[in-house]
Amino acid sequence: MFAIRSTGAAATRSTSKLAPALAALARFKSTSSASSLKQRVEQLIPEKLAEVKDVKQKYGDRVLGETTVDMAYGGMRGIKGMIWDTSLLDANEGIRFRGLSIPEVQEQLPKAKGASETTPEALFWLLLTGEIPTQAQAQSVTDELNSRASLPQFVIDLIDRCPSTLHPMSQLSLAVNALQHDSQFAKAYHAGINRKDYWSPVFEDSLDLLAKLPLVASRIYRNVFKDGKHRAIDPSADYSQNFASLLGFGENAKFADLMRLYLVIHSDHEGGNVSAHTTHLVGSALSDPYLSFAAGLNGLAGPLHGLANQEVLRWILKMQEEIGTETPTEDQIRDYCWATLNSGRVVPGYGHAVLRKTDPRYMAQREFALTHLPEDNLFKTVSALYKIVPGVLTEHGKTKNPWPNVDAHSGVLLRHYGLVEQDFYTVLFGVSRAFGVLSQLVWDRALGFSIERPKSLTTESIRAMFEKK
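Thresholds, definitions, all that
- Residues numbered from 1 in each chain as written.
- Predicted model: local features only at pLDDT ≥ 70, side-chain atom pairs only at ≥ 80, totals over all residues.
- Heavy atoms only, no water.
- Helix = DSSP H or I, 4+ residues; strand = E, 2+ residues; numbered from the N terminus.
- Rg over C-alpha atoms; globule rule 2.2 N^0.38 Å.
- Buried < 20%, exposed > 50% of the residue type's maximum accessible area, 1.4 Å probe, protein only.
- Contact = heavy atoms within 4.5 Å.
- Areas by Shrake-Rupley, 256 points an atom, 1.4 Å probe, with all protein chains shown as cover.
- Lys, Arg positive; Asp, Glu negative; His and termini not counted.
- Charge placed at Lys NZ, Arg CZ, Asp CG, Glu CD.
- pLDDT = per-residue confidence, 0-100.
- Expected span 1.5 Å × (residues − 1).
- Bend = angle between axes of the 7 residues up to and from the residue.
- Phe/Tyr/Trp six-rings, centres within 6.5 Å; stacked < 30°, edge-to-face > 60°.
- 1 Å grid on protein atoms, 1.4 Å probe; cavity = no way out; pocket = protein on both sides within 12 Å on 5 of 7 lines; lining within 4 Å.
- Points joined across faces, edges and corners; volume = space filled by probe spheres on them.
- Nonpolar A, V, L, I, M, F, W, Y, C, P; charged D, E, K, R; others polar.
- Arc of directions from axis to C-beta.

### Thoughts on the overall build of the protein chain
Within the protein chain, the secondary structure is distributed over 21 helices and three strands. A globule of 469 residues ought to have a C-alpha radius of gyration of about 23 Å, and the protein chain, at 23 Å, matches this closely. C-alpha extents for the protein chain along the principal axes are approximately 85 × 70 × 45 Å. Across the 469 residues that make up the protein chain, the buried fraction comes to 51%. A separation threshold of at least 6 residues defines the contact pool for the protein chain, and within that pool the share at least 24 residues apart is 76%. Accessible area for the protein chain stands at about 21800 Å²; split by element, carbon and sulfur atoms hold 52% of it. The average position of the 51 basic charges and that of the 51 acidic charges among the side chains of the protein chain differ by 6 Å.

Printed below as a string of structure tokens:
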């Protein structure tokens, strides 16, 4: 498994120095064999490698798309330039997880006992294998994550010492970077692991990180917004129920179901979005999952990406405040939208870089609201916006997609159940996004994907290129 490139006395000294790392690798190789998910991934790797080889041999010289100067200046938008097998975003259909739409995921994947929504654990199995798990297989992921749910004391101390004025996303990124101390991939790489086996410690790191994220996120929440008192993981509960309980909302079964829905639909959105692409990019340098995901979190924290969910709710609340009512009329909403646009701002939560229809993730949340909180005044306002804003944006003429995206709805649901702290919303997004980006990171290493290195140009070189013609 390992390629220790030393001989003679030097080899003895080198092996002695590497003994702790080698012992750690032996432990994770033996203990992880009980994980049926890992066994299934290991079985699939030869098939997937053969598939990639076949596609490259048959179509390696084919052109995927055409890059324009506008694309280069426009943030590489629309450039087809990476592989992301766990999900695909279609402009008209929306996101599909391993070929399944969100309604199909909700219908076909198993649910926790007594729950009405499927679990992120079940989705994790689907993302890694492309297969719908059985109830037992989904439960095995739950059990595996619960068995790993603990934090090193120094990480606890680090979080507790953060000032409450430090944004929760900064604290989350800081804690994930600190957890890197125990990265099994970093230790394995130092020990000289064969590149064909990179995926195994990456898998282990990914499960460890997923297991610890609710503890990290809830600790930040309780420290910053509540009394600083913390709860323990219930080994008999599923991931979302535990997360809800750690946050302090565990007694509300509907909130736990909301967490299941939220964590599933926010988990993956193909590879081109900032958090996914950044995790992939940093991981391509063989940075371990902790470093890679921390980088992705820093991208998610931007107001044009994950931070948008809190911006939407703030805009709606400000609209209600300025109009002077919690139930504005359609005419009042329309006038406020135009005032927003005419001031040079955007109506947050509407439009998408890829989608050209209403985001299916928005619709999943809307269905949840129609079932559980149809009389909520804020939900009624969101429904009115859904009716009014597309027409305003179409008339305005500067938006390619006037339909709502996922951020247009999530804050309303969270607020209804008492999670009103908007600065924390993106942390929830980050916990969810881990399931998607870490699934793909495992496959990046299993398939031996190269370091990412696109070619850049200067403005002058582009001018010269076309002026010569």
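### Examining the environment of Ala 112
Take Ala 112: it is sitting in the loop between helix H4 (102-108) and helix H5 (120-129). Since its relative accessible area comes to 16%, Ala 112 is described here as buried. Sequence spacing of Ala 112 and Asp 197 is 85 residues, and the spatial spacing of their C-alpha atoms is 33 Å. Ala 112 has contacts with Glu 117, Thr 119, Asp 238 and Arg 260, leaving out every residue within four places of it along the chain.

### Looking at unusual backbone geometry
For Glu 270, which is not glycine, the phi dihedral falls at a positive 50°. Turning to its location among the elements, Glu 270 is positioned in the loop between helix H12 (253-265) and helix H13 (274-284). Even without being a glycine, Leu 286 presents a positive backbone phi close to 70°.

### Observations concerning the confidence of the model for the protein chain
Scored by pLDDT, the protein chain comes out at a mean of 90, with 92% of its residues at no less than 70. Across residues 1-34, where pLDDT falls below 50, the model places 36 contacts with residues more than four positions away in sequence or in other chains.

### As for helix H2 (residues 36-59)
The end-to-end C-alpha distance of H2 is 34 Å, a good match for the 34 Å that 24 residues give at a rise of 1.5 Å each. The sharpest bend along H2 comes to roughly 30°, located at Ile 45, with the proline Pro 46 sitting one to four residues further on.

### Considerations on the packing of aromatic side chains
Scanning the entire structure with this criterion turns up 14 aromatic pairs. Ring geometry for Phe 124 and Phe 435: centres 6.0 Å apart, planes at 80°, overall edge-to-face. Residue Phe 124 is located in helix H5, and its partner Phe 435 is located in helix H20 (residues 425-446); the two are separated by 311 residues in the primary sequence. The burial state of Phe 124 is the same as that of Phe 435; both residues are buried. Considering the side-chain rings of Tyr 189 and Tyr 198, the 6.0 Å spacing of their centres and the 50° angle between planes classify their relative orientation as tilted. You can call Tyr 189 partly exposed: its relative accessible area is 47%. Exposure remark for Tyr 198: the relative accessible area of 12% places this residue in the buried category.

### Focus: empty space enclosed by the protein
Rolling a probe over the atoms, with the probe sized like a water molecule, indicates the empty space that remains. Per the stated rule, a full pass over the model turns up two cavities of 30 Å³ or more. By volume, the largest cavity is sized at about 40 Å³. Along the walls of the largest cavity sit Leu 145, Asn 146, Ala 149, Ala 211, Pro 214, Ile 233, Tyr 239 and Asn 242, which together make up its complete lining. Those elements giving two or more residues to the lining of the largest cavity turn out to be helix H6 (135-147), helix H10 (199-225) and helix H11 (239-247). If you add up the space inside the second largest cavity, you get close to 30 Å³. Lining the second largest cavity are Val 312, Trp 315, Ile 316, Pro 348, Tyr 350, Val 382, Leu 385 and Ala 408. At the level of elements, helix H15 (308-323) and helix H18 (377-396) are the ones that each hand at least two residues to the lining of the second largest cavity. If you tally residues by element for the lining of the second largest cavity, the top one is H15, at three residues. Class assignment of the residues belonging to the lining of the second largest cavity gives a composition of eight nonpolar, no polar and no charged.

### So, helix H16 (residues 330-342)
When the terminal C-alpha atoms of H16 are compared, their 18 Å separation across 13 residues agrees well with the 18 Å that a helix rising 1.5 Å per residue should span. Here H16 has its buried residues at Ile 333, Tyr 336, Cys 337, Thr 340 and Leu 341. For H16, the angular spread of the buried residues around the axis is 135°, confining them to a single face. Facing away from the buried side of H16 by over 90 degrees, the exposed positions are Asp 331, Asp 335 and Asn 342. Against H15 and H18 lie the buried residues of H16. Where H16 terminates, the next one or two residues include Gly 344, which has phi positive at roughly 90°.

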